[in-house]
Amino acid sequence: EEPDVPTDTAIKIMALFFASIMFLAFTTDPIASGTKEGQRAPALEGMGYNGTSWTSFNMDDWLVDNWSEADTTAEWLVVEFMDTDCGFCWDAASDMGQYADYFSKTGAENWDGPVINFVANVAELNIQGHESSRAEIEAFRDKTGNENCAKGDCTNRPGNPHSFTYIDDLGLDNMDSWKVGGTPTYYLLQHDGIVAWVSSENQNEQLSDAIFRLVGDE
């Protein structure tokens, strides 16, 4: 008796089809990449200034790949997109310094939630008069040097010297990949790089209030 060749072929095709579906299900990341809340943030790389020297920065080094809600020691991350010639960034510098000093430490004198790290991604917007340099980035962060920032000598910007890393994005690579529309823009990222909050979607809520609301009960 001759075998039913068409039937055998159809079974093989169906088996291959289901095997392909299973493979995709186990290997495809179900979370979309992007900068909206609930999406996985794009890469953030460049040379970073920590107050002493410029070294290679990769945001992935600050994240936890296989984070679960049971891990209460993992650290969150705030990414600020700013421009040293942006007046709004100048005005916000004092608050950003205070937030970073408060939320990046835990203990009796600080808050009781998980550590939240801060980084500033410094762009040079395509606006007349917005001409920056690494020397200006250092001067804005540290309040030193003889550079001019948004509203005058960088040493006169509001607040104290900052303690967090500043990334050189004068070429706008990170700004473009994150599709940031203007500065300052703030992102609060979970331990695994998922965007928990973005200022452009929450214009009536301050960054500090968002941190207390989203992270404070963790």
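Residues numbered from 1 in each chain as written. Predicted model: local features only at pLDDT ≥ 70, side-chain atom pairs only at ≥ 80, totals over all residues. Heavy atoms only, no water.

Draft legend 1. View of the overall build of the protein chain. What the protein chain contains, in helices and strands, is five helices and nine strands. In the protein chain, the order of α-helices and β-strands from amino to carboxyl end is α-β-β-β-α-β-α-β-β-β-α-β-β-α. Counting all 218 residues of the protein chain, 43% fall into the buried class. A total of about 12000 Å² of accessible surface is found on the protein chain, and carbon and sulfur atoms cover 50% of it. (Helix = DSSP H or I, 4+ residues; strand = E, 2+ residues; numbered from the N terminus. Buried < 20%, exposed > 50% of the residue type's maximum accessible area, 1.4 Å probe, protein only. Areas by Shrake-Rupley, 256 points an atom, 1.4 Å probe, with all protein chains shown as cover.)

Draft legend 2. Fine view of the pairing of strand β2 (residues 54–58). Judged from the five bridges that link them, strand β1 (residues 45–49) and β2 form a sheet pairing that is antiparallel. Its bridge partner being in β2, G48 is matched across the sheet by T55. Counting the residues in the hairpin turn of β1 and β2 gives four residues, including G51, whose phi is positive at 100°. (Pairing = 2+ DSSP bridges.)

Draft legend 3. Structural context of the packing of helix α2 (residues 87–103) against helix α5 (residues 207–215). As a packed pair, α2 and α5 sit with axes 11 Å apart at the nearest point and diverge in direction by 25°. Between α2 and α5, the crossing angle belongs to the class labelled roughly parallel. Within the contact between the two elements, α2 uses M96, Y99, Y102 and F103 and α5 uses L207, S208, I211 and F212. (Axes fitted to C-alpha atoms, helices over the stretch in contact; angles between N-to-C directions. Parallel < 35°, antiparallel > 145°, perpendicular 65-115°, else oblique. Contact = heavy atoms within 4.5 Å.)

Draft legend 4. Up close: the pattern of salt bridges. The final tally for this structure, using the stated rule, is four salt bridges. D91 is the partner of K151 in a salt bridge, and the nearest nitrogen-oxygen pair spans 3.0 Å. A residue pair is termed long-range when its members are at least 10 positions apart, and K151 in the loop between β5 (148–149) and β6 (152–153) and D91 in helix α2 qualify at 60 residues. Measuring nitrogen to oxygen at the nearest pair gives 2.9 Å for the salt bridge that ties E205 to R213. (Salt bridge = Lys/Arg side-chain N within 4 Å of Asp/Glu carboxyl O.)

Draft legend 5. Focus on the packing of aromatic side chains. Summed over the entire model, instances satisfying the criterion amount to 13 aromatic pairs. Between F57 and W62, the aromatic rings sit 5.5 Å apart at their centres with planes inclined by 50°, giving tilted as the arrangement. Overall, W62 belongs to the partly exposed group, its relative accessible area being 28%. Members of the aromatic cluster, connected to one another through ring pairs, are Y102, F103, W111 and F212. Lying over the aromatic face of W54, R134 brings its terminal NZ or CZ to 4.6 Å of the ring centre. (Phe/Tyr/Trp six-rings, centres within 6.5 Å; stacked < 30°, edge-to-face > 60°. Lys NZ or Arg CZ within 6 Å of the ring centre and 35° of its normal.)

Draft legend 6. Structural view of the pairing of strand β4 (residues 116–123). Counting buried residues in β4 gives eight out of eight residues, a clear majority hidden from the surface. Every second residue of β4 is oriented toward a common face, with I116, F118, A120 and V122 on one face and N117, V119, N121 and A123 on the other, all of them buried.

Draft legend 7. Examining the environment of A43 more closely. Here A43 shows up in the loop between α1 (5–27) and β1. Taking the C-alpha atoms as reference points, A43 and S33, separated by 10 residues in sequence, lie 9.6 Å from one another.

Draft legend 8. Quick peek at the environment of D91. In this structure D91 comes out as partly exposed when scored by relative accessible area, which is 42%. On a C-alpha basis, the gap between D91 and P158 in space is 6.6 Å, while along the polypeptide they are 67 residues apart. Here the side chain of D91 touches K151 through a polar contact of 3.0 Å, side chain to side chain. (Polar contact = N/O pair within 3.5 Å; in protein donor to acceptor, adjacent residues only side chain to side chain.)

Draft legend 9. Representation of the sheet that holds β1 in the model. The strand order β2-β1-β7-β4-β3-β8-β9 describes an open sheet built from seven strands, whose pairing is mixed. One side of each edge strand has no neighbouring strand; the edge strands of this open sheet are β2 and β9 (195–198). Recorded for the sheet is a direction-independent mean angle of 30° between the axes of neighbouring strands. Alignment of β4 against strand β7 (residues 165–169), held across five bridges, turns out to be parallel. Each residue of the ladder has a partner; that of N121, found in β7, is I167. Across the face of the sheet, α5 comes into contact with β3 (76–82), β4, β8 (185–189) and β9 while running at roughly 150° to β9.

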